[in-house]
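# Structure assessment
Chain by chain, the residues:
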Amino acid sequence: VDEADITKTDGDYIYSISGSNVIITDVRQPEKIKKAATITLTDTGIPEDMILYQDKLAVIGNSNTGSSYYYSRYGNTTVNIYDISDRESPTLVKKYTLFTPYYTSRCIGSKLYVIASGTLKKENDEVIAYYSEDNIQKDIGYENIKYLDKLKSRNQTIISMLDLENSQNDITIHSYLMDATNAYISENNIYL
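To keep things clear, this report deals only with the structure shown in the data block.

Definitions and limits used
- Residues numbered from 1 in each chain as written.
- Predicted model: local features only at pLDDT ≥ 70, side-chain atom pairs only at ≥ 80, totals over all residues.
- Heavy atoms only, no water.
- Helix = DSSP H or I, 4+ residues; strand = E, 2+ residues; numbered from the N terminus.
- Rg over C-alpha atoms; globule rule 2.2 N^0.38 Å.
- Buried < 20%, exposed > 50% of the residue type's maximum accessible area, 1.4 Å probe, protein only.
- Contact = heavy atoms within 4.5 Å.
- Areas by Shrake-Rupley, 256 points an atom, 1.4 Å probe, with all protein chains shown as cover.
- Phe/Tyr/Trp six-rings, centres within 6.5 Å; stacked < 30°, edge-to-face > 60°.
- Pairing = 2+ DSSP bridges.

### Topic: the overall build of the chain
- Check the secondary structure of the chain and you find 1 helix and 20 strands.
- Relative to the compact-globule value of 16 Å for 192 residues, the chain shows a C-alpha radius of gyration of 17 Å, a close match.
- Taken along the three principal axes of its C-alpha coordinates, the chain extends 60 × 35 × 30 Å.
- Across the 192 residues that make up the chain, the buried fraction comes to 48%.
- Taking as baseline every contact in the chain between residues at least 6 positions apart, the subset at least 24 positions apart corresponds to 53%.
- For the chain, the computed accessible surface area is about 10300 Å², with 44% contributed by carbon and sulfur atoms.

Quick look at the structure:
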């Protein structure tokens, strides 16, 4: 189970978060270390974590950009997936936004799990039950938001999953009416 961090390496390159940028540094020749590329994240907020899987780099962060008061007040989770097979020219291949603040993320094999948790948000007196994938709004559906018996909560925890080997595929979303205050992720289970 790979845990996200602000710095990752594949042995030849170092990937590090610096402000609103991700810097890719070529360290193949220690006597001639050089910057290979900079990924600037201007419209997706501040990057907080990264996951590196083969030639894919997932940059995860909290964004305060959005069209309403609720988005800017409580933050959103942004996920950008880059193809880094050419380390000097990373290409954005997938992006999505969960309209709940970022909590944590893990990668198990090629499966990227991003967990967002926070207060339920409303827009026009309706609870937000959607997310954005490649700039397309997609419905979670109220009937798909699960709850636990005898647990009353105004918080929502969303678990998204994307297979990084097939990053053009849709993400999978699971939503729960509960707050995540601690997480343990094994190869087979997520414990919140």
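### Things to note about the packing of aromatic side chains
- All chains considered together, the criterion is met by 2 aromatic pairs.
- For the pair Phe99 and Tyr130, a centre-to-centre distance of 5.4 Å together with 65° between the ring planes defines the contact as edge-to-face. Pair noted here: Phe99 is in the loop between strand S9 (91–98) and strand S10 (102–108) and Tyr130 is in strand S14 (residues 130–133), with a separation of 31 residues, a long-range link.
- Residue classification places Phe99 among the buried positions, given a relative accessible area of 14%.
- Consider the rings of Tyr184 and Tyr191, whose centres lie 5.8 Å apart with planes at 35°: the pair is tilted.
- A relative accessible area of 51% places Tyr184 in the exposed class.

### What to know about the pairing of strand S11 (residues 111–119)
- Of the pairings in the sheet, the one linking S10 to S11 comprises 6 bridges and is antiparallel in character. Paired with Arg106 across the strands is Tyr113, a residue of S11.
- If you look at the hairpin formed by S10 and S11, you'll find 2 residues sitting between the two strands, and Gly109 has a positive phi there, around 60°.

By themselves, these figures tell us nothing about what the structure is for.
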